[in-house]
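One-letter residues, chain by chain:
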Amino acid sequence: MNATATTPRRVARTVRGQPTSDGAGVKLTRVIGQRGLDMLDPFLMLDEFRSDQAGDYLAGFPNHPHRGFETVTYMLAGRMRHGDNQGNSGLLTPGSVQWMTAGRGIVHSEMPEQENGLMAGFQLWVNLPAKDKMSAPRYQDIAPEKIPVVEAGEGVRVRVIAGRHGETVGPVSGIAVEPLYLDVELAPGARTAVTLPAGHNAFAYVYEGTAALGPDGAAANVERGELAVLERTGDELLISGSGVPTRLIVVAGRPLNEPVARYGPFVMNTPEQIAEAISDYQSGRF
């Protein structure tokens with residue numbers, strides 16, 4: 001039997017999330033989209049929200065526009081009600097995912113449906129290629145039970161949100177950047193490997209415990225609240241847990257290598273397209 005040779009990816013650098021606020025003053029940790037890491041093509045922003053203080057999240061994210069990219073909300077704890085000006089609405093519960101393609105424009109709200117308790121999760125912004133920026137908006141709302149869980153060795157569980165892990169394929173489909181999005185949970189001392197699509201930009205964000213990422217002898221220790229940007233070469237990420245339970249998200253996407261023009265919730269390719277987006281929103285054409 002011939003085994004397929006794999007090349008581990010190394011950690012290029014690490015970045016620590018920075019406290020910020022968004023929406024109506026919701027407290028967040030911004031990991032991508034800050035001074036230390038402006039973007040990682042095709043990823044424009046990554047926020048972690050985590051608080052059991054209602055004042056940190058209760059005001060939520062009232063109506064706000066989007067154009068030209070996708071938002072991915074992964075709920076770990078709490079309940080979030082979403083709605084938009086197209087008549088769509090739904091409830092995000094613990095373990096659920098919403099992959100929203102804003103396309104040519106949508107006015108969207110996300111409001112906590114709780115007055116106390118822990119609210120935790122992530123929001124990731126994913127760029128759209130120029131040819132898809134003015135596409136029709138759409139949602140993929142994925143209930144927790146629709147996300148497959150792989151027992152990937154002793155003490156290792158992997159939730160497959162998008163892309164493939166072994167023979168298991170995640171429920172999110174039809175995304176231009178061909179993403180991989182995994183939630184990896186390791187018992188103390190557990191080890192595993194994740195296959196990464198060739199040529200994709202990739203990162204890992206540790207949100208519980210500490211993980212050693214990369215090949216033996218050259219692994220980088222990444223602590224809770226740190227994001228590891230991975231080198232582009234290689235097709236596998238080796239992950240080792242520490243002496244405590246560890247959880248991290250591993251995300252990869254095909255880089256678009258296109259110009260990026262950004263203004264708040266609008267992400268286009270040129271300043272002229274940004275001006276058009278502002279005009280369309282102010283004129284009620286979303």
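First, a word on scope: everything that follows refers to the structure included in this document. This structure is a prediction, so every number in the text was calculated from the model and none was measured.

Once that is clear, we can look at the nonpolar core. Ranked by internal contacts, the top residues of the largest apolar core, which has 30 residues, are Leu 46, Leu 124, Tyr 181, Phe 203, Leu 227 and Ile 249. When sequence neighbours within four positions are dropped, the list of residues in contact with Leu 124 reads Phe 43, Met 45, Leu 46, Glu 70, Thr 71, Val 72, Tyr 181, Phe 203 and Val 251. Judged by nonpolar contacts, the second largest core, of 25 residues, contains Ala 202, Ala 204, Leu 230 and Ala 252.

With antiparallel pairing, 7 strands are arranged side by side in an open sheet as β2-β3-β4-β11-β6-β9-β12. Edge positions in the open sheet fall to β2 (18–22) and β12 (138–142), since each of these has one partner strand only. Averaged over neighbouring strand pairs, the angle between their axes works out to 20° when direction is ignored. Sheet topology note: the strand β6 (residues 69–77)/strand β11 (residues 119–127) ladder contains 8 bridges and is antiparallel. When the bridges of β11 are listed, Glu 70 appears paired with Val 126.

A separate point is the environment of Val 158. Along the chain, Val 158 turns up in strand β14 (residues 156–162). A sequence separation of 110 residues divides Val 158 from Met 268, and the C-alpha atoms of the two residues are 34 Å apart. Not counting residues up to four positions away in its chain, the partners in contact with Val 158 are Pro 148, Val 149, Val 150, Ala 152, His 165, Leu 182, Asp 183 and Val 184.

Positionally, Phe 122 belongs in strand β11. The class for Phe 122 is buried, based on a relative accessible area of 0%. Ignoring sequence-local partners within four residues, the contact set of Phe 122 consists of Leu 46, Asp 47, Glu 48, Phe 49, Val 72, Thr 73, Tyr 74, Leu 76, Tyr 181, Tyr 205, Tyr 207 and Ile 249.

This brings us to unusual backbone geometry. Here the bond from Asp 41 into Pro 42 is cis, since omega is 10°, no more than 30 degrees from zero. With respect to the secondary-structure elements, Pro 42 resides in the loop between β3 (26–32) and β4 (43–51). The backbone of Glu 178 sits at a positive phi, close to 50°, despite the residue not being glycine. Tracing the sequence through the fold places Glu 178 in the loop between β16 (168–169) and β17 (180–186). Even without a glycine there, the phi angle at Asn 257 is positive, about 55°. Within the fold, Asn 257 resides in the loop between β24 (246–253) and β25 (261–263). Asn 257 gets classed as exposed once you look at its relative accessible area, which sits at 65%.

A word on the packing of aromatic side chains. Counted under the stated rule, the structure contains 8 aromatic pairs. On the basis of an interplanar angle of 70° and a centroid distance of 5.9 Å, the ring pair of Phe 266 and Phe 286 is categorised as edge-to-face. Here Phe 286 lies in the segment after α2 (271–282) and Phe 266 lies in strand β26 (residues 266–268), a separation of 20 residues in the sequence. The pair Phe 266 / Phe 286 is uniform in exposure class, with both members buried.

Thresholds, definitions, all that
Residues numbered from 1 in each chain as written. Predicted model: local features only at pLDDT ≥ 70, side-chain atom pairs only at ≥ 80, totals over all residues. Heavy atoms only, no water. Core = buried A, V, L, I, M, F, W, Y, C linked by side-chain atoms within 4.5 Å. Buried < 20%, exposed > 50% of the residue type's maximum accessible area, 1.4 Å probe, protein only. Contact = heavy atoms within 4.5 Å. Pairing = 2+ DSSP bridges. Helix = DSSP H or I, 4+ residues; strand = E, 2+ residues; numbered from the N terminus. Axes fitted to C-alpha atoms, helices over the stretch in contact; angles between N-to-C directions. Phe/Tyr/Trp six-rings, centres within 6.5 Å; stacked < 30°, edge-to-face > 60°.

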